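Now for the letters of each chain:
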Amino acid sequence: TAAAIENPATPAVQVNCTQLFINGSFVDSASGKTFPTYDPRTGDVIAHVAEADAEDIDRAVSAARKAFDEGPWPRMTAYERSMVLFRFADLLDKHAEEIAILEAWDSGKPYEQAANIELPMISRLIRYYAGWADKIHGLTVPADSPHHVQTIHEPIGVAGQIIPWNFPLLMFSWKIAPALACGNTVVLKTAEQTPLSALYAVKLLHEAGLPPGVLNVVSGFGPTAGSALCRHMQVDKLAFTGSTETGKRILELAARSNLKPVTLELGGKSPFIICKDADIDKAVELAHFALFFNQGQCCCAGSRTYVHESVYDEFVEKAKARALNRRVGDPFIAGIEQGPQVDSEQFEKILRYIRSGTESGATLEAGGERLGSKGYYIQPTVFSNVQDDMLIAKDEIFGPVQTILKFKDMDEVIRRANGSGYGLAAGVFTQDIDTANTLSRALKAGTVWVNCYNVFDAAVPFGGYKLSGQGREKGVYGLSNYLQVKAVVTPLKNA
Ligand code: ADP
């Protein structure tokens, strides 16, 4: 694999969709500007894509506004809307190989992960929400007075959605599927690092019968296109996945403009707790997966590995051995577990955190450096003897860096695990039911995985406590982000 890192082959796929997708067709940006999207294996340009700015956001929002106010999308029967989404899921399955190649090329993730894990999850999630479209309805409510009271669940209107680069098409699907199922229209901005897969997918969605203007996809940068979308007075709702810092900015822009409601899925520093009774070999493998999956670029990465002192030494030895065995290399080679980080900015940031770990006195057990001389590959890195107040235990590193911390008893580990400002996810590894119950109730996190990690299911809600976000996506909970509830009250005669 070392040779492949230095001389990677060009993937067998054509990059055809690079313009903005507004009102049902591909168009250039108003300024005519483009920006490059890079291959993380080499830093070379894959393609130049149209760059949206405020004027393009305005065009896209106008298209979405018209498609919402004049229809037909919100006025089609829910069954018709659901059939569009079902057909879209079929088309995604049909083109899965090509999309997975684009996804791996643009983001650096292993092709097999994109093709075998993510694409099936995406079409499953689209079908899940397609199934909801015709099952969304209000209630008849008993009143204290002689009135007939009913609630109507209406779509909110135009949703602005901003997604990150770590799971480009998966995040696209989490955002658009519930919004469209409820009858909203959408302007979605992809992350500047990974614009390609969503542009491919939006074309398929129109082949599936989505009317023009209902979903508009724009590529561009945060401070320009992203903030124009957040400030826009004709946008009725925002949904964002990304960093906590940007999330705060988005909430502010929403508040200062038209007070549009905002759903936020932000960063994390999730604890993964290995209790004294755990099966160590399984715990090592799971903790490794919890942290290193997707090059460590997961908001819910199990990035604080707390290990009970009685099994600590054995755990560290085995975690180190597992990291040293991790198969890192060109994401298109079969069996590769880890590709390059997404871009030079992330790559440099991770290497800075690794230096900070060593400087602050943690023990570097494995890795610690870049791999090869090309692209953004980083060796799987393991630190032991990590203390809670070290930067590597506090900040979200978003890279392949496992930090192992020692604990003595339950109360202590609960306090320390909850000591983070974040609260996205947590992992608990134990064979004792009481320990599992105690920890899963005490941990302040939107998801607690017991004896498993990174289990994502379309029906299971996901979101954060504290600095990790507001609201929940996926499942039945994800629908409420895209619905207004209207109470209709009518006097009853002769009641
Ligand atoms: P990262 O630092 O990992 O790139 P960000 O939270 O900055 O994470 O990026 C996630 C998404 O948010 C991207 O689509 C990015 O373009 C967008 N974004 C960044 N800054 C802003 C901003 N000021 N307003 C709106 N969107 C933004």
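This is a predicted model, so every value here is computed, not measured.

Draft legend 1. Representation of the overall build of the protein chain. Tallying secondary structure elements over the protein chain gives 15 helices and 22 strands in all. Here the protein chain has a C-alpha radius of gyration of 23 Å; the compact-globule value for 495 residues is 23 Å, and the two agree. Here the C-alpha coordinates of the protein chain stretch approximately 75 × 60 × 40 Å along the principal axes. Expressed as a percentage of its 495 residues, the buried residues of the protein chain come to 53%. Within the protein chain, counting contacts between residues at least 6 apart in sequence, those at least 24 apart form 73% of the total.

Draft legend 2. Molecular detail of the environment of Gln 19. As for its position among the elements, Gln 19 is in the loop between α1 (2-6) and β1 (20-22). Take Gln 19: there are 18 C-beta atoms within 10 Å of it, and that puts it in the partly exposed class. Sequence-wise, Gln 19 and Asp 277 are 258 residues apart; in three dimensions their C-alpha atoms are separated by 55 Å. Ignoring anything within four residues of it in the chain, the contact list for Gln 19 reads Phe 26, Val 27, Asp 28 and Ala 50.

Draft legend 3. Seen up close, the pairing of strand β7 (residues 158-162). Of all five residues in β7, five are buried; the element is thus mostly enclosed. Side chains Val 158, Gly 160 and Ile 162 project from β7 onto one buried face, and the interleaved Ala 159 and Gln 161 project onto a second face that is buried too. Alignment of β7 against strand β8 (residues 185-189), held across five bridges, turns out to be parallel. Along β8, the bridge assignment pairs Ile 162 with Lys 189. With helix α6 (residues 168-181) bridging β7 and its parallel neighbour β8, the resulting β-α-β unit is right-handed. Pairing of β7 with strand β10 (residues 237-241) involves four bridges; the strand directions are parallel. Residue Ala 159 lies in a different strand from β10, and its bridge partner there is Lys 237.

Draft legend 4. Molecular detail of the sheet that holds strand β6 (residues 147-155). Across the sheet, three strands lie side by side as β5-β6-β22; this open sheet has antiparallel pairing. Lying at the two open borders of the sheet, with one neighbouring strand each, are β5 (140-141) and β22 (483-491). Across nine bridges, the pairing between β6 and β22 is antiparallel. Each residue of the ladder has a partner; that of Val 149, found in β22, is Val 489.

Draft legend 5. View of helix α10 (residues 280-292). With 13 residues, α10 extends 18 Å from end C-alpha to end C-alpha; this agrees with the ideal 18 Å at 1.5 Å per step. Inspection of α10 places Ala 283, Val 284, Leu 286, Ala 287, His 288, Ala 290, Leu 291 and Phe 292 among the buried residues, and these make up the whole buried set. Check the buried side of α10 and you find it contacts β12 (271-274), β13 (304-308), α11 (312-324), β16 (401-407) and β18 (425-429).

Draft legend 6. Just the confidence of the model for the protein chain, in detail. Summing up the model confidence of the protein chain, the mean pLDDT is 97 and the portion of residues at 70 or higher is 100%. Here the predicted complex scores 0.98 on pTM and 0.98 on ipTM.

Draft legend 7. Geometry of the site of the ligand. The ligand sits among 17 residues. The nearest are Gly 222, Gly 226, Gly 242, Ser 243 and Thr 246. Contributing elements (two or more residues each) for the shell around the ligand: α8 (222-231) and α9 (244-256). At five residues, the largest contribution of residues to the shell around the ligand is made by α8. For the shell around the ligand, the per-class residue count stands at eight nonpolar, six polar and three charged.

So, how was this worked out
Residues numbered from 1 in each chain as written. Predicted model: local features only at pLDDT ≥ 70, side-chain atom pairs only at ≥ 80, totals over all residues. Helix = DSSP H or I, 4+ residues; strand = E, 2+ residues; numbered from the N terminus. Rg over C-alpha atoms; globule rule 2.2 N^0.38 Å. Buried ≥ 20, exposed ≤ 12 C-beta atoms within 10 Å, placed from the backbone. Contact = placed C-beta atoms within 7 Å. Pairing = 2+ DSSP bridges. Right-handed = clockwise from strand over helix to strand, strands pointing away. Expected span 1.5 Å × (residues − 1). pLDDT = per-residue confidence, 0-100. Near = placed C-beta within 6 Å. Nonpolar A, V, L, I, M, F, W, Y, C, P; charged D, E, K, R; others polar.

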